[in-house]
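Chains, contacts and geometry: an overview
One-letter residues, chain by chain:
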Amino acid sequence: MVNGDGAHGHTEEAESKQDGNGEADGGEESNEQEVIVIQDTGFTVKIQAPGTEPFDLQVSPQEMVQEIHQVLMDREDTCHRTCFSLQLDGNVLDNFAELKSIEGLQEGSLLKVVEEPYTVREARIHVRHIRDLLKSLDPSDAYNGVDCNSLSFLSIFTDGDLGDSGKRKKKGNELEQIDCTPPEHILPGSKERPLVPLQPQNKDWKPMQCLKVLTMSGWNPPPGNRKMHGDLMYLYMVTVEERHVSITASTRGFYLNQSTTYTFNPKPANPSFLSHSLVELLSQISPAFKKNFTALQKKRVQRHPFERIATPFQVYSWTAPQVDHAMDCVRAEDAYTSRLGYEEHIPGQTRDWNEELQTTRELPRKNLPERLLRERAIFKVHSDFAAAATRGAMAVIDGNVMAINPGEETRMQMFIWNNIFFSLGFDVRDHYRELGGDAAAHAAPTNDLNGVRAYGAVDVEGLYTLGTVVVDYRGYRVTAQSIIPGILEREQEQSVIYGSIDFGKTVVSHSKYLELLEKTSRPLKVQRHSVLNEKNETVELCSSVECKGIIGNDGRHYILDLLRTFPPDLNFLPVDGEELPPESQRQGFPRQHRHRLACLRQELIEAFVEHRYLLFMKMAALQLMQQKANKDTKTDTPNGECKSPLEGKELEESIPGLAQAKELAETLVAEDGSCIDPKSREVVLNACKAVGSISNTSFDIRFNPDIFSPGVRFPDDSADDIQKQKQLLKDAAAFMVSCQVPSLVKDCLDHSALPMDGATLTEALRQRGINIRYLGSVLEFVDKTPAKTQLEHFYRIGISELITRCAKHIFKTYLQGVELSALSAAVSHFLNCFLSSFPDAVAHLPPDELVSRRKSRKRRNRVPGGGDNTAWASLTPSELWKNIASEAQSYYHFTVQCDSVDQVVEKYGLQKITLLREISIKTGIQILIKEYNFDSRHKPAFTEEDILNIFPVVKHVNPKASDAFHFFQSGQAKVQQGFLKEGCELINEALNLFNNVYGAMHVEICACLRLLARLNYIMGDHAEALSNQQKAVLMSERVLGIEHPNTIQEYMHLALYCFANGQLSTALKLLYRARYLMLMVSGEDHPEMALLDSNIGLVLHGVMEYDLSLRFLENALTINTKYHGPRSLKVALSHHLVARVYESKAEFRSALQHEKEGYTIYKNQMGEAHEKTKESSEYLKYLTQQAVALQRTMNEIYKNGSNASIMPLKFTAPSMASVLEQLNIINGTHYFIIYYLRQQKCDFIHKDGDLLQLYHIGLYYITSTSYL
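Residues numbered from 1 in each chain as written. Predicted model: local features only at pLDDT ≥ 70, side-chain atom pairs only at ≥ 80, totals over all residues. Heavy atoms only, no water.

An unreviewed UniProt entry lists the chain under the name Clustered mitochondria protein homolog, with Dicentrarchus labrax as the source organism. As stated in UniProt under Function (unreviewed entry), the record for the chain gives "mRNA-binding protein involved in proper cytoplasmic distribution of mitochondria. Specifically binds mRNAs of nuclear-encoded mitochondrial proteins in the cytoplasm and regulates transport or translation of these transcripts close to mitochondria, playing a role in mitochondrial biogenesis." Among the UniProt annotations of the chain, the heading Sequence similarities (unreviewed entry) holds the following wording: "Belongs to the CLU family." (UniProt positions renumbered as here; feature names shortened; annotations may be inferred.)

The next subject is helix α9 (residues 278-285). Residues of α9 that are buried include every one of L278, V279, L281, L282 and I285, and no others. The arc that holds the buried residues of α9, viewed along the axis, is 160°, so those residues lie on one side. Packed against the buried residues of α9 are α4 (120-134), β6 (211-216), β7 (231-239), β8 (244-250), β9 (253-256) and α10 (287-302). The N-capping residue of α9, defined by a side-chain oxygen 3.1 Å from the backbone nitrogen of V279, is S277. (Buried < 20%, exposed > 50% of the residue type's maximum accessible area, 1.4 Å probe, protein only. Helix = DSSP H or I, 4+ residues; strand = E, 2+ residues; numbered from the N terminus. Arc of directions from axis to C-beta. Contact = heavy atoms within 4.5 Å. Polar contact = N/O pair within 3.5 Å; in protein donor to acceptor, adjacent residues only side chain to side chain.)

Attention now goes to the sheet that holds strand β21 (residues 925-928). Pairing is mixed in the open sheet, where three strands are placed in the order β10-β21-β22. Here the strands that pair on one side only, and so sit at the sheet edges, are β10 (319-320) and β22 (947-950). Two strands pair when backbone bridges link them, and β10 and β21 are joined in this way by two bridges, in the parallel orientation. Counted as the bridge partner of T319 is I927 from β21. Packing of helix α27 (residues 823-835) onto the sheet brings it into contact with β21 and β22, and relative to β22 it is tilted by some 105°. (Pairing = 2+ DSSP bridges. Axes fitted to C-alpha atoms, helices over the stretch in contact; angles between N-to-C directions.)

All right, on to unusual backbone geometry then. In this structure, P271 follows N270 across a cis peptide bond, with omega equal to -10°. Looking at where P271 falls in the secondary structure, it is placed in the loop between β9 and α9. Following F589, the chain continues to P590 via a peptide bond in cis, the omega torsion being 0°. Of note in the backbone geometry, F708 takes a positive phi value of approximately 65° without being a glycine. As for its position among the elements, F708 is in the loop between α22 (678-691) and α23 (719-749).

Two numbers describe how α27 lies on helix α31 (residues 912-923): the axes approach to 11 Å, and their chain directions differ by 140°. Here α27 lies oblique to α31, going by the angle between them. Read as a crossing pair, α27 and α31 show a hand that is right-handed. Each of L831, F834 and L835 in α27 lies in contact with α31, whose residues at this interface are K912, L915, L916 and I919. Here the residues of the contact of α27 with α31 sort into six nonpolar, no polar and one charged. (Parallel < 35°, antiparallel > 145°, perpendicular 65-115°, else oblique. Left-handed = near helix turned anticlockwise from the far one by under 90°. Nonpolar A, V, L, I, M, F, W, Y, C, P; charged D, E, K, R; others polar.)

What follows covers the packing of helix α41 (residues 1148-1166) against helix α42 (residues 1171-1200). The interhelical angle for the contact between α41 and α42, taken along N-to-C directions, is 160°, at an axis separation of 9 Å. As judged from the angle between their axes, α41 and α42 are roughly antiparallel. For α41 against α42, the interelement crossing comes out left-handed. On α42, the residues touching F1148, A1151, L1152, E1155, K1156, G1158, Y1159, Y1162, K1163 and M1166 of α41 are K1172, T1173, S1176, S1177, Y1179, L1180, L1183, T1184, Q1186, A1187 and L1190.

Our focus in this paragraph is the pattern of salt bridges. Close approach of charged atoms allows side chains of opposite charge to pair. Under the counting rule described, the total for this entry stands at 68 salt bridges. The salt bridge involving D1093 is made with R1075; its shortest N-O contact spans 2.6 Å. On the criterion of sequence distance, the pair formed by D1093 in helix α38 (residues 1087-1102) and R1075 in helix α37 (residues 1064-1082) is long-range, its members being 18 residues apart. The exposure classification of D1093 matches that of R1075, with both residues buried. In this structure, the salt-bridge partner of E1175 is K1172, at a minimum N-O distance of 3.8 Å. Of this pair, E1175 and K1172 both sit in helix α42, three residues apart, roughly one helical turn. On the basis of relative accessibility, which here comes to 44%, the residue E1175 falls in the partly exposed class. What makes K1172 buried here is its relative accessible area of 17%. One connected set of salt bridges, linked through shared partners, spans D757, E801, R805, R917, E918, K922 and E1043. (Salt bridge = Lys/Arg side-chain N within 4 Å of Asp/Glu carboxyl O.)

Shown next as structure tokens:
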């Protein structure tokens, strides 16, 4: 809901910054209006339901009536009702009406809940809803990855809700009650990596049985004579008391009939217990149902809403316990009716996906409310489409969908299901023969998806792309696309009016398409260019030739096959007679790749253009400086073209007054180049030439995606242009290896990039535009870096990613030869070969299954791939590892010198549990959660019973909430400038808008909540910080996964806020959980582990567990020294923390030793006069005094025995305040808090230099230890 709370003064400002998406020039008025709409406040209505007291409900004017229905179906006292209407003064309210459009509805209105007669559809919905309520605490849907359920374990560590209940817990002096000992496997130095604690047992999940059986009766559907009595369907139930009953669902409600299993007697029983709701009926006939259902609903309502809400996209868990398979009529019905009819209660059965996807794009977007509505609709349709496409792709591969060309070979088949078109990732009819065959056919769908994503983001009115989802399942790649109306009725040759269907041999163009694509040309950096067709005529294009334009029967202009939206990557595309720049050649490029579809990523293009723009500005500025100098010396030297452009820093330093010249250059570039004097025009011209701009009067770099495409020919008159474009591509390839790869490594060295596992490493590469095929080159670069030890964590994650990706490639083809009945045996055999130390892993083919397999061999299976179905069983560990090494060499050009898993683990310091996690996530395997003995040489680690499931791995477009994102960015910018309050308001606003578009669950909402919590904490509102951070943790667990690196970070933040709120034992539990996850995901040797261990050590110090505390703090010191270098300030701080614990233990000699180390670092880095150095020096003096006093006392005891007069020594347990201060320092919030407190007292904030310096120190910390 958009009832924004808080001030919205900055809404307008952020609004006006927004790029006008075709907005009308309403100027100021429209903005103010938008803000007012957002500020529409809520009001309260009374709801009266049958049999309950009236209650108040807060609603917002933008809500639909339907949303009140949803609230009532969720509330504890009304959740059993589904078939009702809401009435105001006797008038039924329309479900889809917005509340503000209803006459007479105002503050305090009374809405009555009126029971309505059932229909078959309503009765089904009712049964489904009751089943959902009965299963609401059962996690099996989350394990099975259905209905967007996913796991969350936070509540186990916080004992339910944090907020108020936490405050009632005893705090303060009763520290003795806290058990602080971590489990053995969490302690520093432990080599154990158990799997079972990943999913701790939740006592709430022990099922409370309400019913034994609830299923459809075999007497369905009712015969004609009973239909005319109002019978809709029959149900069969067995209560907990073992009473078997048959129930009729009729238009008036549910009642007991007299049928039994074998005799049909639909007459009402006596008594019939007619009730409008199934729950009311069952409560009357089964006391156990009544008692347990009430208890179950109480528990359900107590859970945090974020544990229950569905996620927008399905998240799969790679581990699960053995769950009992219970009888479930709704699940059974779903499986057999393929759920098309019921799906989203939309009339007309199946959904027309294409129409929905395109209609939502056409919604108006002139002002904020319209854009919110549009983005919400786009997001909803996309997530529904992704779910439907995934289900369809699995059905296709499992052989449950009939092909539209059943006569053809299986790999050439295509399918249509639920109005979605499915094709397999094989090279059909040698379409990709010249581009790399099957390898190209496998890469094309993801390239195409990237194209769809890019064009979707530009969002040009009138240009349409297809809904596209790429699903990898059981070794097959399936592309799912929405269907262009009319495309199936005509031949492709007739339909395509723009582009080429044969990679450029024949090409056509169309003026409308050129006009539409021209609008995308600038944002996507695509150059408009001409090619020759088969008749040697010039054809103009504004995309690659493969991009096809088809006008559908609905009159819309569609573009498809966007696999070459971005230009080719010459580092992986050897071309005869073309030389790459020396930067690339030195690194061994160009290299042969599997296919010729290797493209540069959009992020790389953006970075390259930005880099060129800086160069352009510097060159223009440099020439202006020279002109100025020439004028001053009155010598008119002809101004030639600027020589090799100097790079960044040197240039800044070598020329005085460059800044002014740059400003001047910017004014030159800003104008359109017409009214500038000739000298200045020459400056711009030279700079344009030097950086490869396509225009001579302004900076404009675009790429021609058809360069180096086989089969594409260009007219002779564009030869110069083509040469320029070739050079630009070579420069971009060189930019990748000379700038982007080193910048990634530099970011890892200074810890502004901190990958923790394969997924976060991949993300770090992609953010900088580096494709995964460069992984080998990146690792080689790291290997040659002088500071290699400080990059060990990065290298290790990279190696593990490279190996698991190679294994995934092999697993893909391995699985294609496996028939369904042998799937679990084949997967467990593969995992044994990959991870188990058992040298002769033999495939497990139980004898009875072999018998049945021989019989079925005669019926050649029609599932894609058939083939020799037991070839997989002959794989051996040594053969698999040989294949992995050769795959690493051929795909990543990287040498892995290892013949077995144990050698790899030994050589690169990997963990088998981490490899298992990575390969399972990448291939969709789900395994039984138990302890696996990987290292036994006598028996394999896995049996077929350990493989529980195989899930799809899904790639799709993520539509964005653009307005919300602008607010979020403005908020971040405000925070970075030091305006915390304003930043907080903007981010609250962003949160409202995000919720409006995405619903309650989304990755971006998670980032928003994290930042809000951090700001609440800095501004002293600890309770609010706790509440927001709790939501962030739950959301991260649900949307990203329970052990995703992001989730680990969220746990750490939450622990800090718990500590600040005095919930010490909870803080420790959370930190231990974070450490366990971290050990599993990336092992102990990781820079982030130092921060985690410092946190744990400090909290343990606070609760006086000194020995334990030292183990963690000394480990943090070791890791910090390794990754930040022995002279770093982080190491000085680590020394200080260790010294404090030794002081508390009265071991002053050790304390002095550590504090001296810290003092030396401060003195060398900051100088004698710095506050930190002085503090350390003071502390040293204090420790020395304490040590001397202790020694005196000891001497006294030795000398005078028991009659010694002993001076009492001060042994101080640290105060909570001092521990919290240290926690704030290591977590980067301390300087912010001081800054904020001083800011409250001091108006002229920006004149106070020290204060600003403090703030920037805080910024440095917060960005280097975590991510703002």
